[in-house]
Amino acid sequence: MKNTNFYDVCIIGGLGHVGLPLGILLASKRLKICLYDIDKHNAQLVKKGIMPFKENGTKLLLKKVIKSHYLKVFNDPRCISNSKYIIITIGSEYINKFSEKKNLIKAIKNLKQYIKKSQIIIIRSSVSPGTCKEIFKILNKEKYCHLAYCPERIKQGHSIRELQKLPQIISGFTKKAIADSSWLFSKITANIIKCDVLEAELIKLYTNSWRYIQFAVSNELYMICEKLGVSFSSLRKKIMYNYPRAINMPTSGFAAGPCLYKDTIHLNNFYNNNFNLGKSAIKINHNLPDFIVNQLSKKISLENKTVGILGMTFKADIDDSRNSLSFKLEKILKKNCAK
């Protein structure tokens, strides 16, 4: 595919947990990638071949693509104009039902001066249903654009492996957007699923909501076991043993992080606060720290005790503490124990 631009792909938000692994992997396929991000500290690290966060399989790969000059890092948005593809991976913490959509649209409005008619724009962030259509209308007011929505569904910490293994959802508002996006992602995965944009938006939200609800089921079953004096861990193993219909029952534990909780809320807000399973899952998962402290208080007096929390990240084996329920646990414990 002929490309007269300096770069094949510019990733906006390219130093984050979604953008950086994707950029590294695309660069390893000998595509010229530029990462645009306002984070100057992380920009300096990546330019030196240093990962700013833990992500399996990226350490040596990053050094290789930096050395070969297939990966460049910029804090100047003018680099956006010099790429055939623009991939938007902007994310934000959930504040209310308008915040993330507002932040994404605001960012696109601020950057649209650098977008050219010939470019393929790919949104990869989580969005509420209908958001991509709204963005398409904003961009098309001044110039005809080719907008695609290709959501990520990777497990944090395992991006390099899963980007190549998992099917990539492709949707868009023009035939060219769909065809060119399919060509780009076929460089890293043979599994391409095409659908319309609304379906793609729902697939992203349903994927994370489904997982979040599964964790809530196990957490509530754990609470029942605790009240009965039964080990849920032991019971779960017996339920799953040679019983395929229960093989996917998750362990109990804190269900949090930057995606599962937020996307469940997105879906509930879109459905006018009628997503009853989602609302129940939020209540169960967010009440788990309270339940743990209450159970502990029944067994021992916490007033003169020191309690240690081993790990503040939202899950094991990563260094990301966004939306971690360990901080809620810490806050509750500070009210109940000596230290």
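I will try to describe carefully the structure that is included in this document. Residue positions are given per chain, counting from 1 as you read along its sequence in written order. Since the coordinates come from a predicted model, pLDDT governs what is reported: local features require at least 70, and pairs of side-chain atoms require 80 or more to be given and counted, while whole-chain, interface and lining totals use all residues. Only hydrogens and water are removed before side-chain values are computed, so all heavy atoms of the structure are retained for them.

## Overview of the packing of helix 11 (residues 276-299) against helix 12 (residues 326-336)
The geometry of a pair of packed helices is captured by two quantities: the angle between their axes and the separation between those axes.
Phase 1 of the analysis: Put simply, helix 11 and helix 12 touch, their axes get as near as 9 Å, and they point 30° apart. Here helix 11 is positioned roughly parallel relative to helix 12, judged by the angle of their axes. For the pair helix 11 and helix 12, the crossing hand works out as right-handed. Where helix 11 abuts helix 12, its residues His286, Asn287, Pro289, Asp290 and Val293 lie against Lys328, Leu329, Ile332, Leu333 and Asn336.
Phase 2 of the analysis: Ten residues, namely Ala, Val, Leu, Ile, Met, Phe, Trp, Tyr, Cys and Pro, are considered nonpolar, four, namely Asp, Glu, Lys and Arg, are considered charged, and the remaining ones, Gly among them, are considered polar. Partitioning the contact of helix 11 with helix 12 into residue classes produces five nonpolar, three polar and two charged. Between N-to-C directions, angles span 0 to 180 degrees; the directions come from axes that are lines fitted to C-alpha atoms, helices contributing only their stretch in contact. Under the DSSP-based scheme used, a helix requires at least four consecutive residues in state H or I and a strand at least two consecutive residues in state E, with every element numbered from the N terminus. Orientation labels follow simple angle bins: below 35 degrees gives roughly parallel, above 145 gives roughly antiparallel, 65 to 115 gives roughly perpendicular, and whatever is left gives oblique. Should the near helix be turned anticlockwise from the far one by less than a right angle, the crossing is termed left-handed; should it be turned clockwise, right-handed. Two residues form a contact once any of their heavy atoms are found within 4.5 Å.

## Quick notes on the pattern of salt bridges
Phase 1 of the analysis: The working definition used for a salt bridge is a side-chain nitrogen of Lys or Arg within 4 Å of a carboxyl oxygen of Asp or Glu. Tallying each qualifying case throughout the model produces nine salt bridges.
Phase 2 of the analysis: For Arg161, the salt bridge goes to Glu162, with nearest N and O atoms at 4.0 Å.
Phase 3 of the analysis: In this scheme, a residue with accessible area under 20% of its type's maximum is buried, one over 50% is exposed, and one in between is partly exposed, where area comes from a 1.4 Å probe on protein chains only. Note on Glu162: relative accessible area 12%, which makes it buried.
Phase 4 of the analysis: Here Lys299 and Glu226 are joined by a salt bridge, their closest N and O atoms 3.9 Å apart. Highlighted residues: Lys299 in helix 11 and Glu226 in helix 8 (residues 197-228), separated in sequence by 73 residues.
Phase 5 of the analysis: Residues participating in the shared-partner salt-bridge network are Lys84, Lys176 and Asp180.

## Quick look at the environment of Ile203
Phase 1 of the analysis: Inspection of the secondary structure assignment puts Ile203 in helix 8.
Phase 2 of the analysis: Put simply, Ile203 and Ile169 are 34 residues apart on the chain and 8.5 Å apart in space, counted from C-alpha to C-alpha.
Phase 3 of the analysis: Residues contacting Ile203, with those up to four places away along its chain left out, are Arg153, Ile169 and Cys195.

## Quick word on the sheet that holds strand 2 (residues 33-36)
Phase 1 of the analysis: Sheet architecture is open: eight strands sit in the order 3-2-1-4-5-6-7-8, paired in mixed fashion. If you trace the sheet from one side to the other, it starts and ends with strand 3 (71-74) and strand 8 (192-194), each paired once. Sheet twist, expressed as the average angle between the axes of neighbouring strands with direction ignored, equals 25°.
Phase 2 of the analysis: In this structure, strand 4 (residues 83-88) lies alongside strand 5 (residues 120-123), joined through four bridges in parallel fashion. Looking across to strand 5, one finds that Tyr85 is bridged to Ile120.
Phase 3 of the analysis: Contacts from helix 8 reach strand 6 (146-149) and strand 7 (168-172), with the element oriented near 145° to strand 7. A pair of strands is labelled paired if DSSP reports no fewer than 2 bridges between them.

## Quick notes on the layout of surface pockets
Phase 1 of the analysis: Grid spacing is 1 Å over the protein atoms alone, the probe is 1.4 Å, and a cavity is where that probe fits but cannot get out, while a pocket is an open set with protein on both sides within 12 Å along at least five of seven lines and lining residues have an atom within 4 Å of a point. Grid points are joined across faces, edges and corners, and a volume is the space filled by probe spheres set on the points. In this structure, the second largest pocket occupies an estimated 360 Å³ of space.
Phase 2 of the analysis: If you go around the second largest pocket, you meet 23 residues; those closest to its centre are Gly253, Phe254, Ile292, Ser326 and Leu329.
Phase 3 of the analysis: Sorting the residues of the lining of the second largest pocket by element identifies helix 8, helix 11 and helix 12 as the ones contributing at least two each.
Phase 4 of the analysis: Take the lining of the second largest pocket: its biggest share by element is five residues, from helix 11.
Phase 5 of the analysis: Classifying every residue of the lining of the second largest pocket by side-chain character gives 12 nonpolar, eight polar and three charged.

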